[in-house]
Amino acid sequence: MMSVQIGFEPKVAFLCPKCHKDVEMVYERPKGTWMSDHGNCLNFSLVRELPAIGGRASEGPVVFISIESDFSIKDAVEELRRLCDGEGEQSKRQKIEAGIRRLETRTGFAEKALPAAMDALKSGAFGLRVVSGRNIYAMVWKAGERYYGAADGAGQADTSSVIATSSLDEAQKFVTYWMHYWDSRHLV
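Residues numbered from 1 in each chain as written. Predicted model: local features only at pLDDT ≥ 70, side-chain atom pairs only at ≥ 80, totals over all residues. Heavy atoms only, no water.

## What to know about helix H1 (residues 70-86)
Argument step 1. In this model H1 runs 25 Å from its N-terminal to its C-terminal C-alpha over 17 residues, within 8% of the 24 Å that 1.5 Å per residue would give.
Argument step 2. The set of residues buried in H1 consists of Phe71, Ser72, Ile73, Val77 and Cys84.
Argument step 3. In this structure, the buried side of H1 is in contact with strand S7 (62-68), helix H2 (90-104) and strand S8 (127-133). (Helix = DSSP H or I, 4+ residues; strand = E, 2+ residues; numbered from the N terminus. Expected span 1.5 Å × (residues − 1). Buried < 20%, exposed > 50% of the residue type's maximum accessible area, 1.4 Å probe, protein only. Contact = heavy atoms within 4.5 Å.)

Okay, here's the thing in structure tokens:
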């Protein structure tokens with residue numbers, strides 16, 4: 001067991017692969033996650049244990065660039081609007097409305113961020129995590145000369161899939177598929 005002084009805050013620091021500015025990730029104790037909101041640039045998360053693919057586990061932890069699909073943003077905005085409608089306190093309503101406006105500006109951002117994210121994936125320094133929406137996530141990372149990916153649909157029957165390839169193009173197709181998973185053919 002490691003002893004630390006009072007006030008010690010664990011951090012992970014690195015340069016953003018898109019804007020090349022400092023990024024600090026802090027550990028959020030209540031959630032048990034490492035997160036960073038990097039302004040109007042890329043968002044990051046740290047995954048300590050990567051999924052095993054074909055019985056082989058890659059070594060972690062890995063810092064992932066988080067990309068939210070347009071569907072996941074619209075879904076979050078709808079949920080915040082429902083929350084806002086039920087909120088009686090004006091100051092809380094204003095905070096929720098500010099959050100809605102901030103989220104609405106991120107629509108279309110995933111497509112713009114994808115080239116920089118794929119370059120970072122290619123370097124092997126970062127993984128890529130796609131938030132498809134409705135508790136569906138996909139992750140892609142590089143280990144050695146291969147790209148590995150896994151998607152999970154939180155109990156939804158047709159959403160579990162994996163990929164192992166040496167082709168960056170195939171890895172990008174996997175990412176793009178999950179970015180657009182909820183396009184018209186999947187909506188019920």
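There is more to say after this.
## Side note on H2
Argument step 1. The first and last C-alpha atoms of H2 sit 21 Å apart over 15 residues, in line with the 21 Å expected at 1.5 Å per residue.
Argument step 2. Looking at the buried positions of H2, the neighbouring elements they touch are H1.

## Details of the packing of aromatic side chains
Argument step 1. This model, assessed by the stated rule, comprises 11 aromatic pairs.
Argument step 2. The interplanar angle of 80 degrees and the centroid separation of 5.0 Å between the aromatic rings of Phe14 and Phe44 together place this pair among those described as edge-to-face. Of this pair, Phe14 sits in strand S1 (residues 11-15) while Phe44 sits in strand S4 (residues 43-47), and the two are 30 residues apart along the sequence.
Argument step 3. Residue classification places Phe44 among the buried positions, given a relative accessible area of 1%. (Phe/Tyr/Trp six-rings, centres within 6.5 Å; stacked < 30°, edge-to-face > 60°.)

## Observations concerning the side chain of Ser72
Argument step 1. Position of Ser72 among the secondary structure elements: in helix H1.
Argument step 2. A polar side-chain atom of Ser72 sits 3.4 Å from the main-chain carbonyl oxygen of Val131.
Argument step 3. Residues contacting Ser72, with those up to four places away along its chain left out, are Val131, Ser132 and Gly133. (Polar contact = N/O pair within 3.5 Å; in protein donor to acceptor, adjacent residues only side chain to side chain.)

## Points about the pattern of salt bridges
Argument step 1. Here the structure, examined in full by the defined rule, presents four salt bridges.
Argument step 2. When the shortest N-O distance is used, the salt bridge between Arg82 and Glu79 registers 2.8 Å. One end of the pair is Arg82 and the other is Glu79, both in helix H1 and three residues apart, which spans about a single turn.
Argument step 3. Taking relative accessible area as the criterion, Glu79 reaches 45% and is therefore assigned partly exposed. (Salt bridge = Lys/Arg side-chain N within 4 Å of Asp/Glu carboxyl O.)

## Observations concerning the layout of surface pockets
Argument step 1. Here the second largest pocket is characterised by a volume of approximately 150 Å³.
Argument step 2. Mapped by element, the contributors of at least two residues to the lining of the second largest pocket are H1 and helix H3 (109-123).
Argument step 3. By residue number, the principal contributor to the lining of the second largest pocket is H1, which donates three residues.
Argument step 4. Classifying every residue of the lining of the second largest pocket gives four nonpolar, two polar and four charged. (1 Å grid on protein atoms, 1.4 Å probe; cavity = no way out; pocket = protein on both sides within 12 Å on 5 of 7 lines; lining within 4 Å. Points joined across faces, edges and corners; volume = space filled by probe spheres on them. Nonpolar A, V, L, I, M, F, W, Y, C, P; charged D, E, K, R; others polar.)

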